[in-house]
Amino acid sequence: MFHFFIVWGPVVMAAVLAVLIRLTVLRRAPRLSAAHATLTVAAGALPALAIVAPRYTAFQGPIMDLTTRAVLPLALGVISVLFLIVPLPTRRRPRTAQLTRRTIRGFLRPVWPIALLSLTATVAAVSVSAGLASRPDDLGHYTLYWIRIGTEGMEAGAGIYGWHYSLPSLVTLVVLLAVTFCAWLLIPRPAWRDDIEQDAAERRLRAANIGRVSCAAVLAHLAVVLQSLRGTATLVGSTQTEELGLVTAGTSFAAIGPALHWASAIAFTLGLALWLVVAICPVPAFALRPSGARTT
(Lines give C-alpha, C1' and ligand atoms only; values in the text may rest on other atoms or scores of the structure.)
Protein backbone atom coordinates (compact mmCIF):
# COMPACT_ATOMS: atom_id res chain seq x y z
CA MET A 1 0.00 0.00 0.00
CA PHE A 2 2.83 2.39 0.84
CA HIS A 3 4.54 1.66 -2.49
CA PHE A 4 1.24 2.25 -4.29
CA PHE A 5 0.84 5.60 -2.56
CA ILE A 6 4.38 6.72 -3.40
CA VAL A 7 4.21 5.67 -7.06
CA TRP A 8 0.59 6.35 -7.97
CA GLY A 9 -0.47 8.92 -5.38
CA PRO A 10 0.89 11.88 -7.40
CA VAL A 11 -0.73 10.48 -10.56
CA VAL A 12 -4.16 10.22 -8.94
CA MET A 13 -3.82 13.70 -7.41
CA ALA A 14 -2.78 15.13 -10.79
CA ALA A 15 -5.82 13.59 -12.49
CA VAL A 16 -8.19 14.96 -9.84
CA LEU A 17 -6.58 18.41 -10.03
CA ALA A 18 -6.85 18.42 -13.83
CA VAL A 19 -10.56 17.64 -13.72
CA LEU A 20 -11.16 20.36 -11.10
CA ILE A 21 -9.35 22.93 -13.26
CA ARG A 22 -11.40 21.90 -16.29
CA LEU A 23 -14.66 22.23 -14.36
CA THR A 24 -13.80 25.60 -12.83
CA VAL A 25 -11.15 27.70 -14.55
CA LEU A 26 -11.84 26.24 -18.01
CA ARG A 27 -15.57 25.64 -17.67
CA ARG A 28 -16.22 28.05 -20.57
CA ALA A 29 -13.47 26.79 -22.87
CA PRO A 30 -14.51 27.13 -26.52
CA ARG A 31 -15.51 24.06 -28.48
CA LEU A 32 -12.73 23.08 -30.89
CA SER A 33 -12.97 21.61 -34.35
CA ALA A 34 -12.28 17.89 -34.67
CA ALA A 35 -8.77 18.45 -36.03
CA HIS A 36 -7.82 21.01 -33.37
CA ALA A 37 -9.32 18.85 -30.63
CA THR A 38 -7.35 15.80 -31.77
CA LEU A 39 -4.06 17.69 -31.80
CA THR A 40 -4.81 19.25 -28.42
CA VAL A 41 -5.59 15.89 -26.84
CA ALA A 42 -2.37 14.47 -28.31
CA ALA A 43 -0.35 17.43 -27.01
CA GLY A 44 -1.44 16.65 -23.46
CA ALA A 45 -2.09 12.91 -23.40
CA LEU A 46 1.02 11.58 -25.14
CA PRO A 47 3.55 13.31 -22.83
CA ALA A 48 1.47 12.39 -19.79
CA LEU A 49 1.48 8.72 -20.78
CA ALA A 50 5.19 8.81 -21.56
CA ILE A 51 5.94 10.22 -18.10
CA VAL A 52 3.58 7.95 -16.18
CA ALA A 53 4.32 4.65 -17.97
CA PRO A 54 7.77 4.01 -16.42
CA ARG A 55 6.59 4.62 -12.84
CA TYR A 56 5.40 1.03 -12.31
CA THR A 57 9.07 -0.04 -12.32
CA ALA A 58 10.09 2.60 -9.77
CA PHE A 59 10.93 -0.01 -7.13
CA GLN A 60 12.47 -2.48 -9.59
CA GLY A 61 15.32 -0.21 -10.67
CA PRO A 62 15.37 2.65 -13.21
CA ILE A 63 14.77 1.71 -16.84
CA MET A 64 16.52 4.86 -18.13
CA ASP A 65 19.73 6.58 -17.15
CA LEU A 66 19.63 9.96 -15.47
CA THR A 67 20.44 11.88 -18.65
CA THR A 68 17.47 10.35 -20.48
CA ARG A 69 15.11 10.80 -17.53
CA ALA A 70 16.09 14.46 -17.22
CA VAL A 71 15.92 15.29 -20.93
CA LEU A 72 12.75 13.33 -21.69
CA PRO A 73 10.20 15.75 -20.12
CA LEU A 74 11.75 18.73 -21.91
CA ALA A 75 11.79 16.91 -25.25
CA LEU A 76 8.16 15.93 -24.71
CA GLY A 77 7.40 19.59 -24.04
CA VAL A 78 8.85 20.55 -27.42
CA ILE A 79 6.70 17.91 -29.10
CA SER A 80 3.60 19.14 -27.25
CA VAL A 81 4.15 22.71 -28.42
CA LEU A 82 4.63 21.53 -32.01
CA PHE A 83 1.32 19.67 -31.84
CA LEU A 84 -0.40 22.88 -30.76
CA ILE A 85 0.96 25.01 -33.61
CA VAL A 86 0.31 22.61 -36.49
CA PRO A 87 -1.29 24.80 -39.18
CA LEU A 88 -4.71 23.59 -40.24
CA PRO A 89 -6.60 24.75 -43.33
CA THR A 90 -9.56 27.01 -42.57
CA ARG A 91 -12.52 27.69 -44.81
CA ARG A 92 -13.17 31.39 -45.18
CA ARG A 93 -15.50 33.28 -47.46
CA PRO A 94 -13.68 35.31 -50.13
CA ARG A 95 -13.76 39.09 -50.39
CA THR A 96 -14.06 39.53 -46.63
CA ALA A 97 -11.80 42.01 -44.89
CA GLN A 98 -11.52 42.17 -41.11
CA LEU A 99 -9.63 45.15 -39.74
CA THR A 100 -9.61 44.06 -36.08
CA ARG A 101 -6.03 44.14 -34.83
CA ARG A 102 -4.30 40.87 -33.93
CA THR A 103 -1.49 41.14 -31.37
CA ILE A 104 -0.02 38.59 -29.01
CA ARG A 105 -1.17 40.69 -26.05
CA GLY A 106 -4.75 40.03 -27.05
CA PHE A 107 -4.32 36.25 -26.76
CA LEU A 108 -1.58 35.56 -24.20
CA ARG A 109 -1.96 36.21 -20.49
CA PRO A 110 1.31 37.41 -18.88
CA VAL A 111 1.07 34.70 -16.22
CA TRP A 112 2.32 32.02 -18.63
CA PRO A 113 5.58 33.69 -19.77
CA ILE A 114 6.26 34.75 -16.18
CA ALA A 115 5.64 31.24 -14.84
CA LEU A 116 7.77 29.65 -17.55
CA LEU A 117 10.69 32.01 -17.02
CA SER A 118 10.46 31.62 -13.24
CA LEU A 119 10.58 27.83 -13.51
CA THR A 120 13.46 28.10 -15.96
CA ALA A 121 15.41 30.28 -13.54
CA THR A 122 14.79 27.73 -10.77
CA VAL A 123 16.01 24.84 -12.93
CA ALA A 124 19.08 26.82 -14.01
CA ALA A 125 19.97 27.71 -10.41
CA VAL A 126 19.61 24.12 -9.19
CA SER A 127 21.48 22.69 -12.18
CA VAL A 128 24.39 25.12 -11.91
CA SER A 129 24.66 24.56 -8.14
CA ALA A 130 24.75 20.78 -8.60
CA GLY A 131 27.19 21.12 -11.48
CA LEU A 132 29.59 23.22 -9.43
CA ALA A 133 29.46 20.65 -6.63
CA SER A 134 30.19 17.71 -8.95
CA ARG A 135 33.57 16.10 -9.49
CA PRO A 136 34.86 13.98 -12.40
CA ASP A 137 34.58 10.18 -12.33
CA ASP A 138 37.03 7.70 -13.84
CA LEU A 139 35.86 8.66 -17.33
CA GLY A 140 36.21 12.38 -16.70
CA HIS A 141 32.47 12.93 -16.50
CA TYR A 142 31.28 15.28 -13.77
CA THR A 143 28.91 12.87 -12.03
CA LEU A 144 30.32 12.43 -8.51
CA TYR A 145 29.93 14.19 -5.18
CA TRP A 146 32.58 13.62 -2.49
CA ILE A 147 32.48 14.17 1.26
CA ARG A 148 35.49 14.20 3.59
CA ILE A 149 35.35 11.95 6.65
CA GLY A 150 37.45 12.84 9.68
CA THR A 151 40.88 14.48 9.47
CA GLU A 152 42.86 11.66 7.84
CA GLY A 153 41.88 12.37 4.27
CA MET A 154 39.21 9.65 3.96
CA GLU A 155 36.47 10.40 1.43
CA ALA A 156 33.19 8.87 0.30
CA GLY A 157 31.42 9.57 -2.95
CA ALA A 158 28.03 9.17 -4.61
CA GLY A 159 26.43 10.17 -7.87
CA ILE A 160 25.08 13.68 -8.32
CA TYR A 161 23.23 15.60 -11.01
CA GLY A 162 26.47 17.13 -12.27
CA TRP A 163 27.53 18.79 -15.51
CA HIS A 164 27.49 15.48 -17.39
CA TYR A 165 23.73 15.21 -16.84
CA SER A 166 22.70 18.85 -16.64
CA LEU A 167 24.29 20.25 -19.81
CA PRO A 168 22.15 18.17 -22.26
CA SER A 169 19.07 19.14 -20.26
CA LEU A 170 19.96 22.84 -20.28
CA VAL A 171 20.42 22.74 -24.06
CA THR A 172 17.02 21.05 -24.46
CA LEU A 173 15.50 23.62 -22.11
CA VAL A 174 16.77 26.44 -24.34
CA VAL A 175 15.20 24.69 -27.34
CA LEU A 176 11.90 24.41 -25.46
CA LEU A 177 11.94 28.12 -24.62
CA ALA A 178 12.71 29.08 -28.22
CA VAL A 179 9.95 26.87 -29.62
CA THR A 180 7.45 28.12 -27.03
CA PHE A 181 8.02 31.82 -27.63
CA CYS A 182 8.02 31.30 -31.41
CA ALA A 183 4.71 29.46 -31.06
CA TRP A 184 3.22 32.35 -29.11
CA LEU A 185 4.38 34.82 -31.74
CA LEU A 186 2.75 32.73 -34.48
CA ILE A 187 -0.70 32.77 -32.91
CA PRO A 188 -1.75 36.26 -34.14
CA ARG A 189 -0.37 35.79 -37.66
CA PRO A 190 -3.20 33.93 -39.47
CA ALA A 191 -6.06 36.10 -40.72
CA TRP A 192 -9.32 36.16 -38.81
CA ARG A 193 -11.90 33.58 -39.66
CA ASP A 194 -15.50 34.59 -40.24
CA ASP A 195 -16.50 34.20 -36.58
CA ILE A 196 -14.00 36.54 -34.92
CA GLU A 197 -15.18 35.89 -31.36
CA GLN A 198 -14.86 32.12 -31.73
CA ASP A 199 -11.50 32.48 -33.48
CA ALA A 200 -10.17 34.77 -30.73
CA ALA A 201 -11.37 32.37 -28.01
CA GLU A 202 -9.62 29.45 -29.71
CA ARG A 203 -6.38 31.43 -30.04
CA ARG A 204 -6.48 32.40 -26.36
CA LEU A 205 -7.00 28.76 -25.43
CA ARG A 206 -4.13 27.67 -27.67
CA ALA A 207 -1.80 30.31 -26.18
CA ALA A 208 -2.69 29.16 -22.67
CA ASN A 209 -2.24 25.51 -23.62
CA ILE A 210 1.20 26.26 -25.02
CA GLY A 211 2.07 27.80 -21.67
CA ARG A 212 0.63 24.81 -19.84
CA VAL A 213 2.57 22.15 -21.75
CA SER A 214 5.82 24.15 -21.54
CA CYS A 215 5.48 24.68 -17.79
CA ALA A 216 4.50 21.02 -17.42
CA ALA A 217 7.70 19.95 -19.15
CA VAL A 218 9.89 22.13 -16.94
CA LEU A 219 8.09 20.97 -13.78
CA ALA A 220 8.47 17.30 -14.72
CA HIS A 221 12.15 17.88 -15.46
CA LEU A 222 12.59 19.68 -12.15
CA ALA A 223 11.00 16.71 -10.38
CA VAL A 224 13.66 14.40 -11.82
CA VAL A 225 16.47 16.75 -10.80
CA LEU A 226 15.20 17.22 -7.24
CA GLN A 227 14.66 13.49 -6.76
CA SER A 228 18.22 12.83 -7.95
CA LEU A 229 19.60 15.40 -5.52
CA ARG A 230 17.53 13.88 -2.76
CA GLY A 231 19.33 10.59 -3.40
CA THR A 232 22.68 12.36 -3.18
CA ALA A 233 21.64 14.02 0.08
CA THR A 234 21.26 10.60 1.72
CA LEU A 235 24.99 9.83 1.28
CA VAL A 236 26.60 8.82 4.58
CA GLY A 237 30.20 7.69 5.02
CA SER A 238 32.04 6.34 8.04
CA THR A 239 35.59 5.42 8.98
CA GLN A 240 37.41 4.13 12.04
CA THR A 241 39.96 6.52 13.57
CA GLU A 242 42.42 6.02 16.41
CA GLU A 243 41.53 9.29 18.15
CA LEU A 244 37.74 9.38 17.86
CA GLY A 245 36.80 5.83 16.99
CA LEU A 246 34.02 5.50 14.41
CA VAL A 247 33.46 8.79 12.57
CA THR A 248 30.38 9.29 10.40
CA ALA A 249 29.76 12.17 7.99
CA GLY A 250 27.03 13.11 5.53
CA THR A 251 26.48 15.67 2.83
CA SER A 252 26.26 19.37 3.62
CA PHE A 253 22.64 19.41 2.43
CA ALA A 254 21.46 16.20 4.09
CA ALA A 255 18.95 18.13 6.23
CA ILE A 256 16.93 19.17 3.19
CA GLY A 257 16.65 15.62 1.83
CA PRO A 258 12.98 15.21 2.89
CA ALA A 259 12.17 18.67 1.49
CA LEU A 260 13.74 17.69 -1.84
CA HIS A 261 11.60 14.55 -1.93
CA TRP A 262 8.34 16.42 -1.33
CA ALA A 263 9.30 19.23 -3.69
CA SER A 264 9.95 16.62 -6.38
CA ALA A 265 6.56 15.00 -5.78
CA ILE A 266 4.77 18.36 -5.93
CA ALA A 267 6.59 19.38 -9.13
CA PHE A 268 5.70 16.06 -10.77
CA THR A 269 2.06 16.31 -9.71
CA LEU A 270 1.66 19.87 -11.00
CA GLY A 271 3.44 19.10 -14.27
CA LEU A 272 1.35 16.02 -14.94
CA ALA A 273 -1.83 17.92 -14.00
CA LEU A 274 -1.05 20.63 -16.57
CA TRP A 275 -0.54 18.07 -19.31
CA LEU A 276 -3.81 16.36 -18.35
CA VAL A 277 -5.65 19.70 -18.37
CA VAL A 278 -4.60 20.18 -21.98
CA ALA A 279 -5.62 16.62 -22.82
CA ILE A 280 -9.15 16.99 -21.44
CA CYS A 281 -9.85 20.63 -22.33
CA PRO A 282 -11.57 19.62 -25.63
CA VAL A 283 -13.89 17.34 -23.62
CA PRO A 284 -17.17 19.09 -22.77
CA ALA A 285 -17.30 20.04 -19.09
CA PHE A 286 -20.64 18.27 -18.52
CA ALA A 287 -19.05 14.98 -19.60
CA LEU A 288 -16.56 15.20 -16.71
CA ARG A 289 -19.13 15.86 -13.98
CA PRO A 290 -20.51 13.00 -11.91
CA SER A 291 -23.86 11.81 -13.21
CA GLY A 292 -25.63 13.11 -10.13
CA ALA A 293 -24.36 16.64 -10.74
CA ARG A 294 -25.56 16.97 -14.33
CA THR A 295 -28.60 19.02 -15.12
CA THR A 296 -31.20 18.15 -17.70
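Residues numbered from 1 in each chain as written. Predicted model: local features only at pLDDT ≥ 70, side-chain atom pairs only at ≥ 80, totals over all residues. Heavy atoms only, no water.

### Side note on the pattern of salt bridges
- This structure, assessed with the given rule, holds three salt bridges.
- Here Asp199 and Arg193 are joined by a salt bridge, their closest N and O atoms 3.5 Å apart.
- Owing to a relative accessible area of 5%, Asp199 belongs among the buried residues under this scheme.
- Judged by relative accessible area, Arg193 falls into the partly exposed class, the value being 21%.
- We note a salt bridge from Arg203 to Asp199, for which the minimum N-O separation is 2.9 Å. Highlighted residues: Arg203 and Asp199, both in helix α6 (residues 196-233), separated by four residues, approximately one helical turn.
- Several salt bridges converge on common partners, so that one network encompasses Arg193, Asp199, Glu202 and Arg203. (Salt bridge = Lys/Arg side-chain N within 4 Å of Asp/Glu carboxyl O. Buried < 20%, exposed > 50% of the residue type's maximum accessible area, 1.4 Å probe, protein only. Helix = DSSP H or I, 4+ residues; strand = E, 2+ residues; numbered from the N terminus.)

### Comments concerning empty space enclosed by the protein
- If you walk through the whole model with that rule in mind, you get one cavity of 30 Å³ or more.
- Of the volumes computed, that of the largest cavity is approximately 120 Å³.
- Surrounding the largest cavity, Leu32, His36, Leu39, Thr40, Phe83, Leu84, Val86, Glu202, Leu205, Arg206 and Asn209 form its lining.
- Every element with two or more residues in the lining of the largest cavity is listed here: α2 (34-52), α3 (66-84) and α6.
- Per-element accounting of the lining of the largest cavity gives the leading share, four residues, to α6.
- Within the lining of the largest cavity, the residues separate by chemical class into six nonpolar, three polar and two charged. (1 Å grid on protein atoms, 1.4 Å probe; cavity = no way out; pocket = protein on both sides within 12 Å on 5 of 7 lines; lining within 4 Å. Points joined across faces, edges and corners; volume = space filled by probe spheres on them. Nonpolar A, V, L, I, M, F, W, Y, C, P; charged D, E, K, R; others polar.)

### A closer look at the layout of surface pockets
- In this structure, the second largest pocket spans a volume of roughly 440 Å³.
- The wall of the second largest pocket is formed by 22 residues, among which Val25, Leu26, Arg109, Ala208 and Arg212 lie closest to the centre.
- If you tally residues by element for the lining of the second largest pocket, the top one is α6, at five residues.
- By residue class, the composition of the lining of the second largest pocket is 14 nonpolar, two polar and six charged.

### Details of the nonpolar core
- One finds Tyr161, Leu176, Trp184, Val218, Leu229 and Trp275 to be the most contacted residues of the largest nonpolar core, which totals 61 residues.
- For this core, the elements supplying multiple residues, two or more each, are α1 (2-23), α2, α3, α4 (111-133), β2 (142-149), α5 (163-186), α6 and α7 (257-280).
- Among the elements that take part in this core, α6 stands out by supplying 18 residues, more than any other.
- Sequence-distant contacts of Leu176, that is, excluding residues within four places in its chain, are made with Leu74, Gly77, Val78, Val81, Ser214, Ala217 and Val218.
- In terms of nonpolar packing, the next biggest core, distinct from the first, is built from nine residues, Leu32, Val277, Ile280 and Cys281 among them. (Core = buried A, V, L, I, M, F, W, Y, C linked by side-chain atoms within 4.5 Å. Contact = heavy atoms within 4.5 Å.)

### Brief notes about the environment of Arg206
- Tracing the backbone through its elements, the reader meets Arg206 in helix α6.
- Distance in space between the C-alpha atoms of Arg206 and Ala183 is 9.6 Å, their sequence separation being 23 residues.
- Contacts of Arg206, omitting those with residues within four sequence positions, involve His36, Leu84 and Ile187.

### Here we look at the side chain of Ser264
- Assignment of secondary structure puts Ser264 in helix α7.
- By relative accessible area, which is 6% here, Ser264 ends up buried.
- Among the polar contacts listed, one links the side chain of Ser264 to the backbone oxygen of Ala223, at a separation of 2.7 Å.
- Those residues within four positions of Ser264 in sequence are excluded, and the remaining contacts are Ala223, Leu226 and Gln227. (Polar contact = N/O pair within 3.5 Å; in protein donor to acceptor, adjacent residues only side chain to side chain.)

### Side note on the packing of α3 against α6
- As a packed pair, α3 and α6 sit with axes 9 Å apart at the nearest point and diverge in direction by 180 degrees. One finds that α3 runs roughly antiparallel with respect to α6. Counting all contacts with α3, which are made through Leu66, Arg69, Ala70, Pro73, Leu74, Gly77, Ser80, Val81 and Leu84, the residues of α6 involved are Arg206, Asn209, Ile210, Val213, Ser214, Ala217, Val218, Ala220, His221, Val224 and Ser228.
- The residue makeup of the contact of α3 with α6, split by class, is 12 nonpolar, six polar and two charged. (Axes fitted to C-alpha atoms, helices over the stretch in contact; angles between N-to-C directions. Parallel < 35°, antiparallel > 145°, perpendicular 65-115°, else oblique.)

Scope: geometric values only; no functional claims are made or implied.
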